[in-house]
Each structure stands twice: as C-alpha cells, then as structure tokens.
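Single-letter residue listing:
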Amino acid sequence: MRNFKQLALGTAVAAGVGLTGILSTAAQAQDTNYVPLLTYRTGPYAGSGIPIANGMHDYLAMLNERDGGVGGVKIAIEECETGYNAQKGVECYEATKGKGALVYNPYSTGITLQLIPKAGVDKIPVLSMGYGLSAAAVGETFPWIFNVPDTYWDGASVIIKYIGEQEGGLENLKGKKIGYIFLDAGYGREPIPLLEKLAEKYGFELMQYPVPGAEMQNQSSQWLNVRRDRPDYMVMWGWGAMSPTAIKEAVKIRYPMDKFIGVWWSAGDDDAAAGGEGAKGYKALNFSGVGGDFPALNDIRKHVIETGNSSTDAASVGSTLYNRGVLNSVIIAEAIRTAQEKTGKKVITGEDMRIGLEALNLDEARLEELGLKGFAHPMKVTCEDHGGSNPVFVQEWDGKQWRQASDWIEPMTDEVRPLLEAAAKDYAEKNAPWPKRTEPCPD
Amino acid sequence: MFYREAGQFKTSYQADQALFPILQDRIGMVVILAIAFVAIPLLANDFFLTSIMIPFLIFALAAIGLNILTGFCGQLSLGTGAFMGVGAYAAYKLTSIFPDANIILMVLLSGVFSAAIGAVFGLPSLRIKGLYLAVTTLAAQFFLEWCFIRIPWLYNYNASGAIEVPRREVFGLVASGAEATPIVRYFIVLGITVLITWLMANVLRGRIGRSWMMIRDMDIAAELMGIRPLRTKLMAFAVSSYICGVAGAMMVFFWLNAAEPSSYSIRLSFQILFMVILGGLGSLGGAFLGAAFIWILPVALKFVPGLLGMDIAAETVEHATFMTVGALIIFFLIVEPHGFARLWQIAKQKLRVWPFPY
C-alpha cells in the first residue's frame, strides 16, 4: 500500500509539473525564426514519416551549422509528434502556435484540412507541399495555404498523360480500364473528381479500390478484385504501410509492375523494396531529386550527420522521401530569405512568411547556388497560383534503387485549373461566410 | 474530522432528498464550479483551454453517456464512437440545412438522432446479454462508420470526405469555426456538460435511474417487480446515445473544427470505455476522473522532460508517455478494480475518521 501511495503521488506530481509547464509556455526568444515541424515517427505511417522528418530537420539544422541560419538568424526547430492523427496534429498546432511559429507543414491531408480555416485567423501560413486540399492552389480564395510544387490533381493528370504516352496517345485510352487503389481517407479521395472527369473525356473506365486505413496491411480482397477486373493500368495513392503492402500484393498476383504507377508519396525506397525482385519496374511520380549526389546533401552529411546532430542513418540520405523532406525545408528556408528581403526584417513573423512564400521564386540559378542543381524543377509562386502546376517526372524501381524514367512532364493545366477554381468556389460556399482575401499581393 | 456529517440534521424531506445533503459536498461542488467557471477562464492560456479542458469535458460527457448504459444499466457497448459520430454528422447536416438556427440548439437537437439510432441498435439487448451484446454494438460501430464514409450526402459531398465546421454565431459571439475564441467554446462546452451532468445526477437517483440499476443487478427480479425490460433497456440506450451524440457534436463543432470518419472509429469507443472502467462503473464523478486520466495525463506528461531540462526527441517522449500511461492503467486496475470513484470513496472515509483511524 505504501508503494501505491508513492506511485499515485508521483503520478499526481508529474501531471502537476506538466500542467504548470503548459500554463507557462513562453514565446520563443526573439532572435531566432521559429519553425515547428509536425512530424510522425510513430504509428502505422512512421515508415513514410521518418525519412521525411529526417530530411526536413537535417536541411534546416545544416543551415544553422553552416551559415548560422538564414540571413544570419538561426532557425529554431521543434518537432512535435502527430502520429498522423488529426487530433494530435491540432494539439501540436495549439501547443506551438503561441511561440511565434512561421509556417506549418502538417504532412497529413487530414491535419491540413483542419488547419486551413485556422491559418487566416492565426496569421500563420500552411505549406502543404504536394498534398492537402488541391483547391488551395487558388490563392485568391486561400491566401494562407500553399501547395507548391503541385496539387494532387496535377499529379493525377500527369499519370494519365504518361499512360497515354505509353499507349501512343491519349486518344488510345478509349475503352481501357484504369484501376485506382487508394487510402480511403481525405488523402486518397482527393484526386477522384479529376480522374472521373478525365475518364469521361478520354473514354477510359476508372475502377476504384478503396483501402480503409485500419486495414491497409491486409489488401488481399482489393487485389483479388484487381485480378478479377484485370485493369490495364493501376494507379496508387498510398501512404505509410499501405504502399509496401500494395506492391507486395501486386507482385503476388503477378500484376505487370511496369503498368503500376504510384503518386509521389508512394515513391519511398522502402515501399518499393518490400516487393523484392518482383517489384522491378514499379513506377512512381516524383518532383524531388533522385540520389544523394548533390553538394547540399554532402553538406548535410558533413555538418549534421557526421557530427551526430541527427538521428538519420547516413545510408538513407538521397532516398526519395528523405530528399522530399529536404526539398520541403529548402522551400521554407527560401521563403524565409525572400520574406527577409521583402520586409527588411531579420526576425520575421507568420505574416511576413506568407509574403515570402507568395513571392517565392526558386529558379535554376538559385537551385544551383544552393547546391541543388537539378534537384527540383524551378518553381515560382504567384498570388493567383499557390500550387504552381510544375512538371514532375516518372521514376522506375530497378530492383535496388530508383532511376528517372521520363523527362519532366507538364500537368494538364488547362484541365486542372478550371476544376481547381470551381472547387475553391465550392469550398468557400460550403464554408460560408468564407473570408474575402484582404492580403495585398507582394510585388 | 474533515468530512464528518455528524451534527448535520435534516428537518424536512426536501433537505433530506437534496442532491448534496452534506455541507462538505456542497462546499466542494461550489469550489469546483468556481474553478471551472472563474479561475480557469481567467488564468488559462489558449492551449490549456483548447487542448486540455475542452476535450476533457467532451470526453467526460461521453463517458457519462456510456456509464449510463454500461455502469448503471449493465449493457456493455462498443458503439460509443459511432453514436458520437451520429451526433456530429446530424449536427453538421442540421446546421447546413438551417444555417441561421442557434448552433447550441442544433448540437442539443443532434442528440435526438443519435438517441433514435442508439435505440434501434439497443433492440438486440432484449435477447442478448453481456459480451454477446458487445458484439452487436460492435456491428453498430462498423456499420455506422461505413455510412460516414460511403454516404456522401452526410458530408455534403465534400471532396475530402470530411465534415468542416462552418462559422456560426450565438448571441453575437462566434461560437464555431476557426474564428471562435477558445474561451467562448470553453464556456459552451462547460455549460452543456454541467447541465447534462446535473440532469443525469437527478435522473439516476430517481425512478428511472433506479429501474436501470434493477435491470443491471438482476433483470428477472426487476421484471417480476414490474419493471418493463423493453422500455427500460431501450430508454437507457436512447439516453446514453443522446449524451454521446451531444458529446460527439461538441467534439467536432467546439474542439476539432473538422472531422474525418476515422475520428469516430473503434479507437474512440475503446477510449471512452477505458475512461468509464478506470473512472468507475456506475459513478458520474468517476467519468470525470477517468476522462482526466486518459486525456489530461498523457498531454501533461509530454511536457515533463522539457521542464526538467532534458532534451529528448519528440518521438521518444511519445513512446515514453505511451508506456507510462499503459503501465499506470494496469497498476490502478490491479490496486483498485472499482476505479477512481472507489478510491475517492476510500479517501473520503479516511478523511472522516482522521486522525483516529480504526
């Protein structure tokens, strides 16, 4: 009984200490730029989350070590574990926003959707790089949300365009069957409206295979249906444990891997490696560099990994998702730099950061300066277009590693843009009264 | 000594039947309410309100809902998460159809839909008992979750499949949506929770509550004494689902602002069930204690390493919190299987006889 009392007392004291901590969360010291990273290294999506978190952390840490931050001001990095859970994501947001957060990268479409209405109120932009709400690319309606370099709808259109190329022209898609296997959550459902529209236009049949999040490691029934339906191509929107499982199942039913194309989030090295030899030929979209042979990545190795300031395994530098995380941090750092130039301040706020993101212009020359020549397609954000609809490429798994399998392919902007605008209008109507844009356009 | 009712004489039936017949209880309740209504709003920051108090109160209310069914009426249910979801989706549809109606009213009304569905899924309870009933309520959980995903009308055909809470005003104050201040949301949630808890405290010690407890303790004996099992059990299902539905609607409107179907998954059902079991079956206060343990403790523990000056990676803290809370759950259940409510009773008894324990 005495032990019990001690333990109960201990629990109460620990909880009390924690609560006082919550009540006294002070603002960050005013000589740094504070960037909270909403990451997930635990839970069923950790397999995809860890390389991304490492990439984001390491690039910013490298800037701190090598250049002393951006514009001479260090970046204060804080990770908050979300577990890909929307409730915890909001908790992380509430816990960090008071410390002068500059930008949020939720890495979950579910969390992004929750943050979209808050962003304009709290004056902190959300950078959902290549995920989240596609309609957020319409800057007129969503001044605080950025989804450079591409929306899911851009990605879906590139896949259809690529399939058309394989078939010798988009007109040959008529009568073909294209299967779409997706995580049955906001993320996987996002591209369906565009795919349906393209199916109508080009006359192919879209067959949907939803995979519930709770059962993503057991997809035999979906793949049984695939075997029955025999689609000519399979398109995948998978994340976390879903992608490697899908690839394994595809290998099992002997689905021709060169006709299986994943979105850029199903492009992890571990995802493809799960299929073993049989996964050879699996394709996925990508917009961040393949391989670890870039000067900036060498600097990360030198300044961060070899000095032991990171939990990254040196071998994973250069893997697709790690590079994706690095690209995310490159955009953050460049937006901070742009914001510093535009406002003349060194220590910036969320509002300045929004200006920096909106005026972001990552051109070829700048990428080379950063030591990332060819790492990404040059991207430019405008007031109207927060997505950019930048070209992406297709990469192919050769059994050991990814290699680029196509040139940069432009999305079907003329198809996507009107849909984006209609969707943004629809969102604003459903969430009426949606605030009108009052933020001026940075020149 | 501190908690001695000796000398407190009742001179009327009314005084004898009061909700808190003992002076110390009345003082304690006034202090708790004063803290909740005055001290916390004055002292707390936004994070404390939005990430601790609001979810805590919502979970406590849901735990009361489940406690009525499981703790007071003895019907084990695993469908709590889905019934909360019904409330959330009903409130969302109601406020989309009647955008000008008072949102608090809509939230309270949404429970009615949840109650109706709860009563339907309660029908098997007349034939099925115990663990078998848990399986049929589990079916409700999966069926309703399937509906949230597959019936686009429920989420107004949003491309994301999630419900997003629109801005609504109550008496000139923004009550829901992103612009609603935490303090307004806190007062709405607190008000509804206190009101329903007070109502339930009275229902439970009256005729209806006693008939539920008769069914729980021995249904055949209750039937012989003239309690109709059909009506009583279905009423327990309906009342329980009503409260869960209101809690679920508050969860999306005043806490999360947007909800995917996965927010109302089986995980939530278990979370609420653990709150009820840890807090104590058949106790209203226990529902609050259980909710505090399951929700507040992990959030608070996460801040401990930072305060002690330890620099530990975010995911390690997460793992450590997970393990600590798990170990504590097992520990408390071994030491006191009847939950925190029983611990509180033991503490009261000790206070009564202190300083001369016998």
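What counts, and at which threshold
Residues numbered from 1 in each chain as written. Chains lettered and ligands numbered in written order. Predicted model: local features only at pLDDT ≥ 70, side-chain atom pairs only at ≥ 80, totals over all residues. Helix = DSSP H or I, 4+ residues; strand = E, 2+ residues; numbered from the N terminus. Buried ≥ 20, exposed ≤ 12 C-beta atoms within 10 Å, placed from the backbone. Contact = placed C-beta atoms within 7 Å. Rg over C-alpha atoms; globule rule 2.2 N^0.38 Å. Nonpolar A, V, L, I, M, F, W, Y, C, P; charged D, E, K, R; others polar. Domains from an automatic or database assignment. Axes fitted to C-alpha atoms, helices over the stretch in contact; angles between N-to-C directions. Parallel < 35°, antiparallel > 145°, perpendicular 65-115°, else oblique. Left-handed = near helix turned anticlockwise from the far one by under 90°. Pairing = 2+ DSSP bridges. Bend = angle between axes of the 7 residues up to and from the residue. Core = buried A, V, L, I, M, F, W, Y, C linked by C-beta atoms within 7 Å.

Trainee: Before we move on, could you go through the overall build of chain A and cite the residues and values that matter?
Mentor: Along the backbone of chain A there are 15 helices and 13 strands. If you line up chain A on its principal axes, its C-alpha atoms span 65 × 65 × 50 Å. Among the 443 residues that make up chain A, the fraction classed as buried is 55%. Taking the intrachain contacts of chain A between residues at least 6 apart in sequence as the baseline, contacts between residues at least 24 apart amount to 71%.

Trainee: Could you give an account of the overall build of chain B, with specific residues and numbers?
Mentor: Along the backbone of chain B there are 15 helices and four strands. For 358 residues, the compact-globule formula gives about 21 Å, and the C-alpha radius of gyration of chain B, at 21 Å, lands near that figure. When each of the 358 residues of chain B is scored for burial, the buried share is 48%. Expressed as a percentage of contacts within chain B between residues at least 6 apart in sequence, the contacts between residues at least 24 apart total 75%.

Trainee: Tell me about the interface of chain A and chain B, and name the residues and values.
Mentor: Across the boundary between the two partners, chain A contributes 46 residues, which contact 46 residues of chain B. Looking at the side of chain A that touches chain B, the elements with two or more residues in it are α1 (2-23), β2 (74-81), α3 (86-97), α4 (109-122), α6 (186-189) and α15 (413-430) of chain A. Considering each element in turn, the side of chain A that touches chain B owes the most residues, 11 residues, to α1(A). For the side of chain A that touches chain B, the class distribution of residues is 22 nonpolar, 14 polar and 10 charged.

Trainee: Could you give an account of the domain arrangement of chain A, naming the residues involved and the relevant values?
Mentor: Residue and element names in this part refer to chain A. By the assigned domains, chain A splits into domain 1 (30-151 + 291-391 + 420-430) and domain 2 (152-289 + 394-411). For domain 1 and domain 2, the distance between their C-alpha centroids amounts to 26 Å. Taken together, the contacts link 32 residues of domain 1 with 26 residues of domain 2. Within the residue set of the side of domain 1 that touches domain 2, elements represented by two or more residues are α2 (46-67), α4 and α12 (320-343).

Trainee: Report on unusual backbone geometry, specifying residues and quantitative values.
Mentor: Residue A:Val148 is joined to A:Pro149 through a cis peptide bond whose omega torsion reads -5 degrees. With respect to the helices and strands, the residue A:Pro149 is situated in the loop between β4 (145-146) and α5 (152-166). Put simply, B:Trp354 and B:Pro355 share a cis peptide bond, and its omega is 5 degrees. On the secondary structure map, B:Pro355 appears in the segment after α15 (339-353).

Trainee: Pulling in residues and values, what's your account of the packing of α5(A) against α15(A)?
Mentor: Residues and elements named next belong to chain A. Where α5 meets α15, the axes come as close as 10 Å, and the angle between the chain directions of the two elements is 150 degrees. Taken together, the axes of α5 and α15 are roughly antiparallel relative to one another. Considering only the axes of α5 and α15, their crossing is right-handed. Contacts between α5 and α15 pair Trp 153, Asp 154 and Ser 157 from the former with Glu 415, Val 416, Leu 419 and Leu 420 from the latter.

Trainee: With reference to specific residues and values, describe the pairing of strand β7 (residues 233-237) of chain A.
Mentor: Residue and element names in this part refer to chain A. Among the five residues that make up β7, five are buried, leaving the element largely enclosed by the rest of the structure. Taking every second residue as pointing to the same face, both faces of β7 are buried, with Tyr 233, Val 235 and Trp 237 on one and Met 234 and Met 236 on the other. Examined bridge by bridge, strand β5 (residues 177-183) and β7 share five bridges and lie parallel to one another. The residue bridging Tyr 180 from the neighbouring strand is Val 235, located in β7. Alignment of β7 against strand β8 (residues 260-262), held across three bridges, turns out to be parallel. In the sheet register, Met 234 faces β8, and the bridge partner there is Phe 260.

Trainee: Let's hear about the packing of α2(A) against α12(A): which residues, and what values?
Mentor: To characterise two packed helices, one gives the angle between the axes of the helices and the distance between these axes. Residue and element names in this part refer to chain A. The contact between α2 and α12 brings their axes to 7 Å, and the two run at 40 degrees. Comparing their axes, α12 and α2 come out oblique. You can see that α2 and α12 cross each other, and the crossing is right-handed. Where α2 approaches α12, its residues Ser 48, Pro 51, Ile 52, Ala 53, Asn 54, Gly 55, Met 56, Tyr 59, Leu 60 and Leu 63 are matched on the opposing element by Leu 321, Tyr 322, Asn 323, Arg 324, Gly 325, Val 326, Asn 328, Ser 329, Val 330 and Ala 333.

Trainee: For helix α3 (residues 46-72) of chain B, give the residues involved together with the corresponding values.
Mentor: Residue and element names in this part refer to chain B. The axis of α3 is deflected most strongly, by about 35 degrees, at Leu 66. Most of α3 is tucked away: 25 of the 27 residues are buried. Looking at the residues trailing α3, positive phi occurs at Gly 74, about 75 degrees.

Trainee: Tell me about the nonpolar core, and please be specific about residues and values.
Mentor: Formed by 250 residues in total, the largest nonpolar core has its most connected members in B:Ile58, B:Ala63, B:Ala88 and B:Met250. Considering every element that reaches this core, the biggest residue donor is α3(B), with 18 residues. Looking at this core, you find at least three residues from each of domain 1 (30-151 + 291-391 + 420-430) and domain 2 (152-289 + 394-411) of chain A.

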